[in-house]
Amino acid sequence: MDFSLFYRSTWVCKSLEYSRIEELFSEEKVGERVCIRGWIYRRSVVGRKAFIRVRDSSGVIQVVVDASRLGDPLVDELKDIGLEASVVVCGVVRKSERAPGGFEVEADSFSIIGYSRDFPIKGGEGIDYLLDNRHLWIRSPKYSKIFKIKHTVLKAGREYFINHGYWEVTPPIITASACEGGATLFPIDYFGSKAYLSQSAQLYLEALIYVLEKVFSLTPSFRAEKSRTRRHLAEYWHLEPEAAWYHMDDMMRDAEGLVSYIVERVLEERRSELIDLGRDIEKLKKALNTPYPRVKYDEAIEILQKKGVNVEWGDDLGADEERVLTMEFDTPIHLTHFPRNIKSFYMKLDRSRPEVVLGFDVLAPEGYGEIIGGGEREDDYNTLYQRLVEQGLNPDEYKWYLDLRKYGSVPHSGFGLGIERVVMWITGLDHIRETIPFPRFRERAYP
Ligand code: 4AD
Ligand code: MG
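In this text the structure is predicted, and so the values were computed from the model without any measurement. (Residues numbered from 1 in each chain as written. Chains lettered and ligands numbered in written order. Predicted model: local features only at pLDDT ≥ 70, side-chain atom pairs only at ≥ 80, totals over all residues. Heavy atoms only, no water.)

Student: Is there a simple way to explain the site of ligand 1 in this structure?
Tutor: Contacts to ligand 1 come from 23 residues, most closely from E180, Q202, E240, E370 and R377. Measuring from a nitrogen atom of ligand 1, one finds a side-chain N or O atom of Q202 at 2.7 Å. For ligand 1, an oxygen atom lies 2.8 Å from a polar atom in the side chain of R377. When isolated, ligand 1 has an accessible area of 630 Å², and the protein chains bury 94% of it. Looking at the shell around ligand 1, the elements that each hand over two or more residues are β11 (235-244), β15 (369-376) and β16 (412-418). For the shell around ligand 1, the element with the highest residue contribution is β15, accounting for four residues. Residue classes in the shell around ligand 1 are distributed as eight nonpolar, seven polar and eight charged. (Near = heavy atom within 4 Å. Polar contact = N/O pair within 3.5 Å; in protein donor to acceptor, adjacent residues only side chain to side chain. Areas by Shrake-Rupley, 256 points an atom, 1.4 Å probe, with all protein chains shown as cover. Helix = DSSP H or I, 4+ residues; strand = E, 2+ residues; numbered from the N terminus. Nonpolar A, V, L, I, M, F, W, Y, C, P; charged D, E, K, R; others polar.)

Student: I keep staring at the domain arrangement of the protein and nothing clicks. Help me out?
Tutor: Interface extent is often summarised as the accessible area lost during association of the parts. Domain annotation for the protein reports domain 1 (3-114) and domain 2 (134-435). Its C-alpha centre places domain 1 at a distance of 46 Å from the equivalent point of domain 2. Contacts between the two partners involve seven residues from domain 1 and, on the opposite side, four residues from domain 2. Contact between domain 1 and domain 2 buries roughly 380 Å² in total, counting both sides, with carbon and sulfur atoms accounting for 49%. Sorting the residues of domain 1 by area buried against domain 2 places R55, S57 and E84 first, and these three jointly supply 67% of that buried surface. Counting the contacts that link domain 1 with domain 2 gives one salt bridge. Across the salt bridge formed by R139 and E84, the nearest N and O atoms sit 3.0 Å from each other. Across the contact surface, domain 1 and domain 2 share two residue pairs in polar contact (both at pLDDT 80 or more). Along the lines of polarity and charge, the residues of the side of domain 1 that touches domain 2 split into three nonpolar, two polar and two charged. (Domains from an automatic or database assignment. Contact = heavy atoms within 4.5 Å. Buried area = accessible area lost by both parts, 1.4 Å probe. Salt bridge = Lys/Arg side-chain N within 4 Å of Asp/Glu carboxyl O.)

Student: Please clarify how the side chain of T435 should be interpreted in this entry.
Tutor: Along the polypeptide, T435 turns up in the segment after α14 (419-427). For T435, a relative accessible area of 0% corresponds to the buried category. Looking at T435, its side chain comes within polar contact range of the main-chain oxygen of I432, at 2.7 Å. Those residues in contact with T435 that sit more than four places away from it in its chain are I146, F147, K150, E420, V423, M424 and L429. (Buried < 20%, exposed > 50% of the residue type's maximum accessible area, 1.4 Å probe, protein only.)

Student: How should I be thinking about the nonpolar core in this particular structure?
Tutor: Inside soluble globular proteins, nonpolar side chains tend to come together where they are buried. Formed by 57 residues in total, the largest nonpolar core has its most connected members in L417, W425 and I426. When residues of this core are assigned to their parent elements, the largest contribution, eleven residues, is made by helix α7 (residues 248-269). Those residues within four positions of L417 in sequence are excluded, and the remaining contacts are W237, H238, L239, L258, V259, I262, I371, I372 and V422. Core analysis: the next-biggest nonpolar cluster, separate from the first, contains 29 residues, F338, V357, L384 and Y398 among them. (Core = buried A, V, L, I, M, F, W, Y, C linked by side-chain atoms within 4.5 Å.)

Student: Can you walk me through the packing of aromatic side chains in this structure?
Tutor: What characterises a pair of aromatic rings is the spacing of the ring centres plus the angle enclosed by the ring planes. For the structure on display, the rule yields 18 aromatic pairs. Ring centres of W400 and Y401 lie 6.0 Å apart, and the angle between their planes is 75°; on these two criteria the pair is classed as edge-to-face. For W400, a relative accessible area of 29% puts it in the partly exposed group. The buried category is assigned to Y401, whose relative accessible area is 0%. (Phe/Tyr/Trp six-rings, centres within 6.5 Å; stacked < 30°, edge-to-face > 60°.)

Student: What am I meant to see in the sheet that holds strand β9 (residues 193-197) here?
Tutor: Strands in a sheet are paired, the pairing made by backbone hydrogen bonds, and the direction either parallel or antiparallel. Strand order in the open sheet made by the three strands is β7-β9-β8, with antiparallel pairing throughout. For this open sheet the edge positions go to β7 (174-175) and β8 (186-190), each flanked by a neighbour on one side alone. Here five bridges tie β8 to β9, and the two strands are oriented antiparallel to one another. Residue pairing in the sheet places D189 in a bridge with K194 of β9. (Pairing = 2+ DSSP bridges.)

Student: Looking at this model, I keep getting lost on a nonpolar patch on the surface. Mind explaining?
Tutor: A surface patch of nonpolar side chains, amounting to about 370 Å² of accessible area, comprises I174, Y190 and F191. Looking at the element boundaries, F191 is found in the loop between β8 and β9. Owing to a relative accessible area of 76%, F191 belongs among the exposed residues under this scheme. (Patch = residues over 30% accessible without salt bridge, like charges linked within 9 Å, V, L, I, M, F, W, Y side chains within 5 Å.)

Student: Mind showing me how you'd approach helix α11 (residues 319-326) here?
Tutor: Helical geometry note: an α-helix holds 3.6 residues per turn, so side chains three or four residues apart project in the same direction. Looking only at α11, the buried set comprises E321, E322, L325 and T326. Along the axis of α11, the buried residues cluster in a sector spanning 125°; they form a single face. Buried residues in α11 make contact with α10 (297-306), β13 (333-336), β14 (359-364) and β15. (Arc of directions from axis to C-beta.)

Student: Please explain α14 as it appears in this structure.
Tutor: When you tally the buried positions in α14, you get nine out of nine residues, the bulk of the element. Those residues of α14 not exposed but buried are I419, E420, R421, V422, V423, M424, W425, I426 and T427.

Student: I keep staring at the pattern of salt bridges and nothing clicks. Help me out?
Tutor: Once their charged atoms are close, side chains differing in charge can pair, the charge on each being opposite to the other. Taken as a whole, this structure holds 40 salt bridges when the rule is applied. Note that R48 and D72 form a salt bridge whose closest N and O atoms lie 3.1 Å from each other. Note that R48 is positioned in the loop between β1 (33-46) and β2 (49-55) and D72 in helix α2 (residues 72-79), a separation of 24 residues in sequence. Residue classification places R48 among the partly exposed residues on the basis of a relative accessible area of 47%. The exposure class assigned to D72 is partly exposed, which follows from its relative accessible area of 35%. When the shortest N-O distance is used, the salt bridge between R294 and E256 registers 2.7 Å. With R294 in strand β12 (residues 294-296) and E256 in helix α7, this residue pair connects regions lying 38 residues apart in the sequence.

Student: Honestly, the sheet that holds strand β10 (residues 214-222) in this entry has me stumped. Any pointers?
Tutor: Strand order in the open sheet made by the eight strands is β6-β10-β11-β16-β15-β14-β13-β12, with mixed pairing throughout. Among the strands making up the open sheet, the edge pair consists of β6 (167-168) and β12. Sheet topology places β11 next to β16; five bridges connect them, and they run antiparallel. If you follow A243 over to β16, its bridge partner there is S413. Set on the sheet, helix α5 (residues 141-163) makes contact with β6, β10, β11 and β16; between it and β10 the angle comes to about 155°. Along the sheet, helix α6 (residues 202-212) makes contact with β6, β10, β11 and β16, crossing β11 at roughly 35°. (Axes fitted to C-alpha atoms, helices over the stretch in contact; angles between N-to-C directions.)

Rendered as structure tokens:
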């Protein structure tokens with residue numbers, strides 16, 4: 001294939017000053033000559049004028065190309081120029097009632113840099129086709145808004161922990177044993193022996209608290225989830241703190257502090273993106289008010305039973321139950337004190353009531369459900385050993401982890417926050433795949 005058809009390599013970038021498109025939507029720019037670079041988002045030709053909507057990472061603006069100024073051959077070429085062709089345009093900014101956003105650029109120079117013949121996404125395609133073309137689909141302006149919000153969520157998450165005395169650390173991704181149960185482990189071949197992709201940094205963070213006391217990490221986590229749901233990914237980003245000397249209540253305060261801080265930063269820095277995505281800001285604002293309600297698992301079961309949901313004490317609560325429960329509240333809630341049999345081996349048994357563990361989840365309102373899972377850790381060697389056996393795990397594989405209870409054990413707590421779950425709730429999206437550029441699920445491999 002002759003790639004010169006696709007790319008005008010003769011164009012030389014002169015050292016001009018380029019504007020970001022979002023800067024042009026202002027009275028002060030009217031009458032100013034500017035240059036922009038970007039990609040063609042929409043185009044139409046009416047008579048001897050082409051109306052080209054150009055997008056860059058900051059926004060979309062209408063560019064008017066008039067044949068009486070730039071010649072008929074250019075306007076003819078623009079008639080069937082491919083969407084997503086890259087262009088460099090200079091011209092004067094002016095107000096226009098008919099242009100989206102109220103401003104446009106009247107071009108006096110228009111260069112096509114990279115052609116885009118038959119851009120595969122034209123609108124109206126089905127979800128599987130779009131996912132196969134994910135590398136191109138993400139150019140849709142919706143995704144630039146979502147990914148900017150995710151950037152702010154990630155930044156705020158880090159900031160919160162750094163501002164509260166936590167050290168950022170780098171746990172491994174290749175691990176020797178399960179943290180969250182064998183069913184969702186991804187095995188890998190590690191130089192001829194079996195290892196796994198990490199489900200959670202927790203066990204390693206627990207070792208690191210003996211060095212730094214308060215630590216956090218932001219890592220990919222992997223779950224071989226069996227079914228494709230709206231809130232499960234096989235690979236997601238996991239923000240996890242762990243702190244020595246913390247009891248469950250101390251960690252719940254950091255969990256709600258973190259969630260409300262993230263919401264505050266997004267409301268402040270990404271308000272226009274939220275509005276563009278159609279998010280109800282007033283509903284989101286409720287999450288600023290802490291403390292969040294504390295609901296014991298026992299109470300949750302009662303609430304659900306009263307609502308006619310078919311659950312019994314001892315059942316794990318899934319997405320459906322969480323949806324019903326969170327509809328009862330307009331802020332996130334803490335759900336606590338779960339039956340020991342539905343939670344991981346590392347959760348500390350409540351000594352006054354050993355059939356439950358000192359675990360907590362944070363559930364987001366409006367039906368979104370679990371965004372955080374955490375709790376106090378079992379810090380007694382013998383109890384932890386028994387819990388491993390009880391859950392059918394081999395204590396030999398957890399020898400190093402048990403060691404942490406042999407040499408200067410301390411009370412400690414932690415949690416894990418799923419970044420994509422939080423972005424899904426904050427943006428008000430209804431599928432987790434929208435919150436990650438290249439989602440990984442079971443049935444298929446995407447680009
Ligand atoms: O509740 P989980 O399984 O808890 C842990 O992994 C703990 N070891 C964390 C800790 O205490 N350090 O997972 C924590 C969070 C969930 O609340 C959810 O937000 C997210 O990780 N999560 C997922 N997000 C997307 N796709 C999946 N398949 C997820 N599984 C869990
Ligand atoms: Mg959980």
